[in-house]
Amino acid sequence: MSGVPAAPKSRATAMLSVLGRVLGRTLGTVLPVMLGVVTAVFFLLRLVPGDPAVMILGDRATPAAIAELRATLGLDASLWRQYLDFLGGVLTRGDTGDSLLTGVSTAELVLSRAPVSLGIVALALLLVILIAVPLALAAAHRPGGWIDQLVRIIPTVALGMPLFWIGLLLIIVFAVNLGWFPVGGVGSPGDAPLEPLRSLFLPALAVALGMAPPLIRSLRAQLLEVTEAEFVTTLRAARVPERTIRWRHVLRGAALPTLNLLSVNLAYLIGGTLVVEKVFGINGIGTLLFQSISSRDFPVVQAVALYCAVLVVIVTLAAQVLSALIDPRLRRAR
């Protein structure tokens, strides 16, 4: 009926609307980046010296044999034709091609190594939260105190250390000297159920230590800023317990910028995982990537780049959705 005001949106409808905008905005930003990453990897690989056909047949192969193998593998086509064929296969069939060396599907190769790498990524995310949140809270509790000084100095030192060096230090201290964790690998099928977790702990800790310093500094700064906000003063005047203020209001308000920073650093997290796999001798996607680069197995490298980009998109979307759910403006939506 005309003149009757429309019924207000329910909270669920408002939430879905906001989440839809978040997903659309994130996909609109990230998908072109994914295409750029895949395109850059494709063309940069072709600049690396070395012919895959020569790598397969050996240096003593005749030019005729090399030319025949190049034709069989499709390497004799123009660079743009190879690129369009690869892009067409990905967009139309989700096919990233077959390995030049083994003939096995690149998707099968990547997915067979994915559980180990994803385990390191997930464990590293958990560890970086367990490291960053308590240290930032301790530093922000007494600004300028000795705990604050230590929390500000030690992460800065760790920030200047490369991941492979952190991994080597962890191996020397906790695996070789103390014997708490295995030196490398992920165990065998006959091991105890928690043995793979022990094998992945040090690699994940290395990635978390490399990623934690900027998160600690960001969360500490946000905690101090939110603590001085007017609504915190009002809560204290209303005799709300300090523990409730800190955990329910201050930490939640300070978590949004840090969560956004975490989503920005996802590429570092995944790239660091690929690096530490090589240091710890773990047979994951990182090891597959280095082996494929050494053998000039172009389709496998392209597939790894594409799947890593997809993983970055998925985790970025999850972080953006979580930020929208935590945002108090969404909770007040009608």
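For clarity, every value in this text was computed on a predicted model and none was experimentally measured.

Rules used throughout
The numbers attached to residues start from 1 for each chain and follow its sequence in the written order. With pLDDT at 70 or above as the cut-off, local features in this predicted model cover only qualifying residues; side-chain atom pairs require 80 or more to be listed or tallied, and sums for whole chains, interfaces and linings still use all residues. The side-chain values count all of the structure's non-hydrogen atoms but skip hydrogen atoms and water molecules. To obtain each axis, a line is fitted to C-alpha atoms, and for helices this fit is confined to the stretch in contact; angles are then taken between N-to-C directions over 0 to 180 degrees. We count a stretch as a helix when DSSP gives it H or I for four or more residues in a row; a strand needs E for two or more, and each element gets its number in order from the N terminus. Angle categories: roughly parallel below 35 degrees, roughly antiparallel above 145, roughly perpendicular from 65 to 115, and oblique for all the rest. Should the near helix be turned anticlockwise from the far one by less than a right angle, the crossing is left-handed, and should it be turned clockwise, the crossing is right-handed. Should any heavy atoms of two residues lie within 4.5 Å, those residues are considered in contact. Asp, Glu, Lys and Arg are counted as charged, while Ala, Val, Leu, Ile, Met, Phe, Trp, Tyr, Cys and Pro are counted as nonpolar; the rest, among them Gly, fall into the polar class. Among the buried residues, those of types Ala, Val, Leu, Ile, Met, Phe, Trp, Tyr and Cys that are joined through side-chain atoms within 4.5 Å form a nonpolar core. Relative accessibility decides the category of a residue: with a 1.4 Å probe and only protein chains considered, values under 20% of the type maximum give buried, values over 50% give exposed, and everything between is partly exposed. Given the number of residues in a helix, its expected span is that number minus one, multiplied by 1.5 Å. Think of the arc as the fan of directions from the helix axis to the C-beta atoms. The aromatic pairing rule takes the rings of Phe, Tyr and Trp, using the six-membered ring of Trp, and pairs them if the centres are within 6.5 Å, calling planes under 30 degrees apart stacked, those over 60 edge-to-face and the rest tilted.

(A) Representation of the packing of helix 7 (residues 163-177) against helix 8 (residues 195-227) in the model. Viewed as axis vectors pointing N to C, helix 7 and helix 8 meet at an angle of 135°, and their least axial separation amounts to 9 Å. Between helix 7 and helix 8, the angle falls in the class oblique. For the element pair helix 7 and helix 8, the recorded crossing hand is right-handed. On the side of helix 7, the interface is formed by Leu 163, Ile 166, Gly 167, Leu 170, Phe 174 and Ala 175, while helix 8 contributes Leu 202, Leu 205, Ala 206, Val 207, Leu 209 and Gly 210. Residue composition of the contact of helix 7 with helix 8, by class: 10 nonpolar, two polar and no charged.

(B) Here's a closer look at the nonpolar core. Membership of the largest hydrophobic core comes to 34 residues, with the highest contact counts inside it found for Leu 202 and Leu 269. At the level of secondary structure, the elements contributing two or more residues to this core comprise helix 5 (106-141), helix 7, helix 8, helix 10 (242-264) and helix 11 (266-280). If you tally residues by element for this core, the top one is helix 8, at 11 residues. If sequence neighbours within four positions are ignored, Leu 269 has contacts with Val 121, Ala 124, Leu 125, Val 207 and Met 211.

(C) Local environment of helix 4 (residues 79-93). For helix 4, built from 15 residues, the straight-helix expectation of 21 Å at 1.5 Å per residue is met to within 8% by its first-to-last C-alpha distance of 21 Å. Every buried residue of helix 4 is accounted for by Gln 82, Tyr 83, Phe 86, Leu 87, Gly 89 and Val 90. Across the axial projection of helix 4, the buried residues extend over an arc of 155°, all falling on one side. Helix 4 presents Trp 80, Leu 91, Thr 92 and Arg 93 as exposed residues on the side facing more than 90 degrees away from its buried surface. Of the residues trailing helix 4, Gly 94 is marked for its positive phi of about 65°.

(D) A look at the packing of aromatic side chains. By the definition in use, this model includes eight aromatic pairs. Summarising the aromatic geometry, the rings of Phe 42 and Phe 43 are spaced 5.2 Å apart at their centres and angled 80° between planes, so their arrangement reads as edge-to-face. According to the relative accessible area criterion, Phe 42 is buried, its value standing at 1%. Centre to centre, the rings of Phe 181 and Phe 201 are 5.1 Å apart; their planes meet at 10°, and the pair counts as stacked. Taken together, the residues span a long stretch of sequence, with Phe 181 in the loop between helix 7 and helix 8 and Phe 201 in helix 8 at a distance of 20 residues. A relative accessible area of 17% means that Phe 181 is categorised as buried. Classification of Phe 201 as partly exposed rests on a relative accessible area of 26%. Here the aromatic residues Phe 42, Phe 43, Trp 80, Tyr 83 and Phe 86 are joined through ring pairs into a cluster of three or more.

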